[in-house]
Amino acid sequence: MTKIFAHRGSRGTHPENTLAAFQEAVRVQSDGIELDVHVSKDGALFVIHDETVDRTTNGSGSIQDLTLEEIQALDAGSWFDESFTGEKIPTLEEVFQLLQKLNFKGELNIELKTDQIEYAGIVEKCVALQERLQPNFAIIYSSFNPRSIIQMKQLRPNQEIAFLYETVEMANFVFEEVKFEAVHPDYRLLKESFEIHSQYPKRVWTVNQEEEMKHCFELNVEAIFTDYPQKALELRSEIKE
Ligand code: G3P
Ligand code: CA
């Protein structure tokens, strides 16, 4: 059965990559949760999609130029809806703690956002956090930058990593040093993904339309990432009945 991953939390109904969005993803019983990680000026791991805070907060500037204190002072909820005023850009540690508290037992996909900025130490920091907190949920690392997941695998050989891509050129990248466990293709590359990576489990992004969800369920892909996990879960159970 195709798993449902809440993309950036439940991004269609809540401000993306906030604790409110992750709480909603757990509430609707998503099988998995996806989030994005960057590093602040003073080395903290923050969960946000863009390299800057401009689109999703009341502030401006690049994560790499802002300190933990400056980032934590920002409002990351009101841009989405007034009712979410006060939501913050969470640290990765805060997300781990929330998921532990909610007894989340699914899979957490951490996307290392190193395709624009190759943050120094991001891989080591994630590993250190994971080893310190020992979460009860499974973790899968992915990145558009193959170097980041290769480094992860070298540091932690039993760690699951997934090859994330959005072009045919990227899909054809050859991993010589390490093995990956799954692929995360753009939905538009589904056909190519079945050709190039026939043997690999496929988690497909970002699947928001009902027809596309049904298509993925019919193909029995490993998982879909969706901004609407509740809708996808309902559709999946309707089809099963
Ligand atoms: O990891 C799948 C998907 O999240 C990649 O695209 O831009 O939403 O991070 P993006
Ligand atoms: Ca992502």
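Placed above this text is the structure.
Residues numbered from 1 in each chain as written. Chains lettered and ligands numbered in written order. Predicted model: local features only at pLDDT ≥ 70, side-chain atom pairs only at ≥ 80, totals over all residues. Heavy atoms only, no water.

Caption draft 1: Summary view of the overall build of the protein. Looking only at helices and strands, one finds nine helices and nine strands in the protein. What you see for the protein is a C-alpha radius of gyration of 17 Å, in line with the 18 Å of a compact globule of 241 residues. Taking the principal axes of the C-alpha coordinates as reference, the protein spans close to 45 × 40 × 30 Å. Counting all 241 residues of the protein, 53% fall into the buried class. Across the protein, every contact between residues at least 6 apart in sequence was considered, and the portion connecting residues at least 24 apart equals 56%. Summed over its atoms, the accessible surface of the protein is roughly 11100 Å², and 45% of this surface lies on carbon and sulfur atoms. Side-chain charges of the protein comprise 24 positive and 42 negative groups, with the mean position of each set lying 4 Å from the other. (Helix = DSSP H or I, 4+ residues; strand = E, 2+ residues; numbered from the N terminus. Rg over C-alpha atoms; globule rule 2.2 N^0.38 Å. Buried < 20%, exposed > 50% of the residue type's maximum accessible area, 1.4 Å probe, protein only. Contact = heavy atoms within 4.5 Å. Areas by Shrake-Rupley, 256 points an atom, 1.4 Å probe, with all protein chains shown as cover. Lys, Arg positive; Asp, Glu negative; His and termini not counted. Charge placed at Lys NZ, Arg CZ, Asp CG, Glu CD.)

Caption draft 2: Here's a closer look at the pairing of strand β4 (residues 107-112). The buried fraction of β4 is high, at six of six residues. What you see with β4 is no split at all: E107, N109 and E111 on one side and L108, I110 and L112 on the other are buried throughout. Where strand β2 (residues 32-39) lies against β4, six bridges are found, and the strand directions are parallel. When the sheet's bridge partners are listed, L35 is paired in β4 with I110. Where β4 meets strand β5 (residues 138-143), five bridges bridge the pair, whose relative direction is parallel. The partner of E111 across the bridge, within β5, is S142. (Pairing = 2+ DSSP bridges.)

Caption draft 3: View of empty space enclosed by the protein. All chains considered together, the criterion is met by one cavity of 30 Å³ or more. The wall of the largest cavity is formed by E16, N17, T18, V47, I48, H49, T56, A76, W79 and I89. Taken together, the residues of the lining of the largest cavity break down into five nonpolar, four polar and one charged. (1 Å grid on protein atoms, 1.4 Å probe; cavity = no way out; pocket = protein on both sides within 12 Å on 5 of 7 lines; lining within 4 Å. Points joined across faces, edges and corners; volume = space filled by probe spheres on them. Nonpolar A, V, L, I, M, F, W, Y, C, P; charged D, E, K, R; others polar.)

Caption draft 4: Broad picture of the site of ligand 1. Every residue close to ligand 1 is listed here: H7, R8, E34, D36, H49, E111, K113, F144, L164 and W205. With respect to ligand 1, the side chain of H7 contributes an N or O atom lying 2.8 Å from an oxygen atom. H49 places a polar side-chain atom, nitrogen or oxygen, 2.8 Å from an oxygen atom of ligand 1. When the free accessible area of ligand 1 is taken as 290 Å², the share hidden by the protein chains comes to 91%. The cavity where ligand 1 resides is the largest pocket. Across the shell around ligand 1, the residue classes tally to three nonpolar, two polar and five charged. (Near = heavy atom within 4 Å. Polar contact = N/O pair within 3.5 Å; in protein donor to acceptor, adjacent residues only side chain to side chain. Sits in = over half its atoms within 2 Å of the grid points.)

Caption draft 5: Seen up close, the packing of aromatic side chains. All chains considered together, the criterion is met by 13 aromatic pairs. Centre to centre, the rings of F5 and F225 are 5.2 Å apart; their planes meet at 70 degrees, and the pair counts as edge-to-face. With a gap of 220 residues between them, F5 in strand β1 (residues 3-7) and F225 in strand β9 (residues 223-226) connect regions that are remote in the sequence. In terms of burial, F5 and F225 fall into one category: buried. Arranged with centres 4.6 Å apart and planes meeting at 25 degrees, the rings of F180 and Y200 form a pair that is stacked. Pair noted here: F180 is in the loop between α6 (168-171) and β7 (182-185) and Y200 is in the loop between α7 (190-196) and β8 (203-204), with a separation of 20 residues, a long-range link. Take F180: its relative accessible area is 10%, and that puts it in the buried class. Ring-pair connections join several aromatic residues into one group, and the members of that group are F163, Y165, F173, F175, F180 and Y200. (Phe/Tyr/Trp six-rings, centres within 6.5 Å; stacked < 30°, edge-to-face > 60°.)

Caption draft 6: Broad picture of the layout of surface pockets. Of the voids in this model, the largest pocket is the one considered here, and its volume is about 170 Å³. As for the largest pocket, its lining consists of 14 residues, and the residues nearest its centre are H7, E34, E111, F144 and W205. Taken together, the residues of the lining of the largest pocket sort by class into four nonpolar, six polar and four charged.

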